[in-house]
Amino acid sequence: MWDGRYVRFQGTTRNERGAYPGIFVLVNGLAREGRLTAEQERFRRASNAWYDAAYTNPSHVDASVYDRERHPTAVAWFRSSARHLIERADGYLEILTAHGVEWVRLSSTHPGRVLYEDAVQIVVVPHASAAPGSASDVARSR
């Protein structure tokens, strides 16, 4: 059952657009830089494929959701009821921690202005004050 809360895992440093990148972006970035071990790369490929099959990519429904000019800081949050998606994030978090990339787990009942939503996620433009540690519950990687 969904309790009205949303969960997000993200880095602690803003990117060039002013957003805090999520864990999928961060791990994919490590892969592009050639920094993953063979085992980490196998995990990344298999898990990315699993996530692609498990839920809808919001930009496939509405291309404007992640439009960099209209919504440069748009980010996705899981509904807390999407446990099957949230639980599989652990492997990504382990990779980030192994590479010294700091991350936080955020939980909120209202993370921002909603641009897209479905049964397992929302995409929002975060509140202006949103920063790591500003949501109601935070777990840090270190």
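In terms of regular secondary structure, the protein is built from five helices and six strands. Beginning at the N terminus, the succession of helices and strands in the protein can be written as β-α-α-α-β-α-α-β-β-β-β. In the protein, buried positions account for 44% of the 142 residues. Look at the contacts in the protein between residues 6 or more apart in sequence, and 73% of them connect residues 24 or more apart. A total accessible area of about 7,800 Å² is found for the protein, and carbon and sulfur atoms account for 49% of it.

Right, let's talk about the nonpolar core for a bit. Counting 21 residues, the largest nonpolar core has Phe-9, Ile-23, Tyr-51, Leu-85 and Leu-96 as the members making the most contacts within it. Not counting residues within four places of it along the chain, the set of residues in contact with Phe-9 comprises Gly-22, Ile-23, Ile-86, Ala-89, Leu-93, Trp-103, Val-104 and Arg-105.

With that settled, the discussion passes to the pattern of salt bridges. In the structure shown here, the tally under the stated rule is five salt bridges. The partner of Arg-79 in a salt bridge is Glu-117, and the shortest N-O contact between them spans 2.8 Å. With a gap of 38 residues between them, Arg-79 in strand E2 (residues 75-79) and Glu-117 in strand E4 (residues 112-117) connect regions that are remote in the sequence. Taken together, the salt bridges that share partners define one network made up of Glu-41, Arg-44 and Arg-45.

A full pass over the atoms with the stated rule returns seven aromatic pairs. Measuring from centroid to centroid gives 4.8 Å for Phe-24 and Tyr-92, while their planes differ by 85 degrees, and the two rings are edge-to-face. Of this pair, Phe-24 sits in helix H1 (residues 23-32) while Tyr-92 sits in helix H5 (residues 90-98), and the two are 68 residues apart along the sequence. Here a set of aromatic residues connected by ring pairs shows up, and it is made of Phe-24, Phe-43, Trp-50, Tyr-51, Tyr-55, Phe-78 and Tyr-92. One Lys or Arg, Arg-88, reaches over the ring of Trp-50 and ends 3.9 Å from the middle of that ring.

What counts and what doesn't
Residues numbered from 1 in each chain as written. Predicted model: local features only at pLDDT ≥ 70, side-chain atom pairs only at ≥ 80, totals over all residues. Heavy atoms only, no water. Helix = DSSP H or I, 4+ residues; strand = E, 2+ residues; numbered from the N terminus. Buried < 20%, exposed > 50% of the residue type's maximum accessible area, 1.4 Å probe, protein only. Contact = heavy atoms within 4.5 Å. Areas by Shrake-Rupley, 256 points an atom, 1.4 Å probe, with all protein chains shown as cover. Core = buried A, V, L, I, M, F, W, Y, C linked by side-chain atoms within 4.5 Å. Salt bridge = Lys/Arg side-chain N within 4 Å of Asp/Glu carboxyl O. Phe/Tyr/Trp six-rings, centres within 6.5 Å; stacked < 30°, edge-to-face > 60°. Lys NZ or Arg CZ within 6 Å of the ring centre and 35° of its normal.

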